[in-house]
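Each chain, written out:
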Amino acid sequence: MKVAIVGATGAVGHELMKVLENSTLDFSELQLYASPRSAGLKLPFRGQELTVQATPEGAIDADVILASAGGSISKALAPAWVAGGALVIDNSSAFRYDADVPLVVPEVNGQAALGHKGIIANPNCTTAIAVVAVAPLHRKYGVKRMIVSTYQATSGAGQKGMEELLEQTHMQLHGKEATASVFAHPIPFNVIPHIDAFQDNGYTKEEMKVAWETRKILGDENLIISCTAVRIPTLRTHSEAITLELERPATPDEARELLRHTAGVEVRDDPEAKLYPMPLTASGKYDVEVGRIRASLAFEGGLELFVAGDQLLKGAALNAVQIAEYLQA
Ligand code: HSE
């Protein structure tokens with residue numbers, strides 16, 4: 001099997017290579033594509049040097065294409081990749097809401113990808129991280145309402161987002177005024193309740209993605225979801241506070257037990273030992289940390305939890321590779 005990465009030089013592309021390096025996916029060749037200005041660059045992979053090529057306009061001779069170059073490139077080029085016979089696992093939002101495109105988190109709804117040809121969509125990072133923890137609770141207890149507050153890292157805006165945090169922090173510490181370019185305002189020492197474009201209903205697109213995508217992945221159009229998405233000055237892990245109203249009551253102990261046996265989850269929940277999910281401990285980890293599990297004061301029989309997941313891994317590259325692994329297994 002031949003695998004290609006489109007967008008190989010970006011933050012997600014970099015993580016895709018690292019995840020593939022240690023993956024169980026059986027492939028004989030890895031091709032790297034990026035914008036023409038990166039063509040010729042050599043990147044190390046399993047002891048070899050692979051040369052980055054400019055992304056072609058037409059078909060790519062690969063069985064699986066992991067696309068992470070952004071929505072406009074996927075939108076323009078994915079049809080030609082599919083026509084050329086490739087399966088495209090797309091990290092952008094270009095096709096996520098198409099009825100014939102499965103939106104997949106393998107631990108939750110991997111079967112939706114089985115036998116599928118064409119495009120499979122990788123969810124928005126915030127959604128992928130939340131559903132790993134919420135899906136088993138939804139399956140066992142039924143979720144009626146889900147209220148989410150996010151604390152999203154700068155990596156959500158790619159390599160340039162992380163660079164802006166580091167550069168502006170340095171400037172501000174040296175008394176210089178930082179001018180925002182990636183984010184709506186300077187990000188160091190700040191918290192910005194604005195990710196992606198505002199919609200007519202007053203929510204941002206990032207907030208609505210959590211609602212649209214969670215419903216699609218869980219296959220539950222009746223699930224009521226409300227989200228506030230906030231950018232914070234961390235590097236690569238998204239954290240989320242989640243409140244759940246349940247159809248059948250669950251105790252925190254029952255939820256902890258269920259989550260301890262859930263693939264992709266690490267329960268980190270011992271307040272006395274100061275043990276809970278944090279970007280500091282979740283960054284670089286494949287599992288999503290889940291903790292602060294407690295009975296909700298808002299909804300009788302409901303739950304509150306806090307999750308932290310690496311935005312570049314489970315929120316992007318890892319989930320994409322896991323889809324390919326799931327299909328090959
Ligand atoms: N839209 C997300 C963010 C990235 O800005 O954090 C998700 O892949």
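Higher on the page you've got the structure.
Anyway, here's the lowdown on the structure attached to this text.

About the thresholds
Residues numbered from 1 in each chain as written. Predicted model: local features only at pLDDT ≥ 70, side-chain atom pairs only at ≥ 80, totals over all residues. Heavy atoms only, no water. Near = heavy atom within 4 Å. Polar contact = N/O pair within 3.5 Å; in protein donor to acceptor, adjacent residues only side chain to side chain. Nonpolar A, V, L, I, M, F, W, Y, C, P; charged D, E, K, R; others polar. Pairing = 2+ DSSP bridges. Helix = DSSP H or I, 4+ residues; strand = E, 2+ residues; numbered from the N terminus. Axes fitted to C-alpha atoms, helices over the stretch in contact; angles between N-to-C directions. Buried < 20%, exposed > 50% of the residue type's maximum accessible area, 1.4 Å probe, protein only. Expected span 1.5 Å × (residues − 1). Bend = angle between axes of the 7 residues up to and from the residue.

### Regarding the site of the ligand
All residues in the neighbourhood of the ligand are listed as Asn124, Cys125, Gln152, Gly156, Ile195, Glu206, Arg231, His238 and Gln311. At 3.3 Å from a nitrogen atom of the ligand is found a side-chain nitrogen or oxygen belonging to Asn124. In the model, an oxygen atom of the ligand is placed 3.4 Å from a nitrogen or oxygen of the Gly156 main chain. Here the residues of the shell around the ligand are counted per class, giving two nonpolar, five polar and two charged.

### Regarding the sheet that holds strand β13 (residues 303–310)
Sheet architecture is open: six strands sit in the order β9-β8-β10-β13-β12-β11, paired in mixed fashion. The open sheet has two edge strands, β9 (224–228) and β11 (265–267), and neither has a second partner. Sheet twist, expressed as the mean angle between neighbouring strand axes with direction ignored, is 25°. Of the pairings in the sheet, the one linking strand β8 (residues 143–151) to β9 comprises five bridges and is parallel in character.

### Examining unusual backbone geometry
Positioned with a positive phi, Phe189 is a non-glycine residue whose angle comes to about 55°. Tracing the chain through its elements places Phe189 in the loop between α5 (159–173) and α6 (205–218). Here the phi dihedral of Arg292 falls at roughly 50°; this positive angle occurs in a residue that is not glycine.

### A few points about the pairing of β13
The buried fraction of β13 amounts to seven of the eight residues, a majority that puts the element mostly inside the structure. In this structure, strand β10 (residues 237–246) lies alongside β13, joined through eight bridges in antiparallel fashion. Looking at the pairing, His238 lines up with Gly309 of β13. Where strand β12 (residues 288–295) meets β13, five bridges bridge the pair, whose relative direction is antiparallel. What sits directly across from Glu289, in β13, is Ala308.

### Considerations on helix α4 (residues 125–141)
An ideal rise of 1.5 Å per residue puts 24 Å on 17 residues; α4 measures up with 24 Å between its terminal C-alpha atoms. Most pronounced at Val131, the bend in α4 amounts to some 40°. Most of α4 is tucked away, with 15 of its 17 residues classed as buried. Remark: Gly142 follows α4 within two positions and exhibits a positive phi of approximately 75°.

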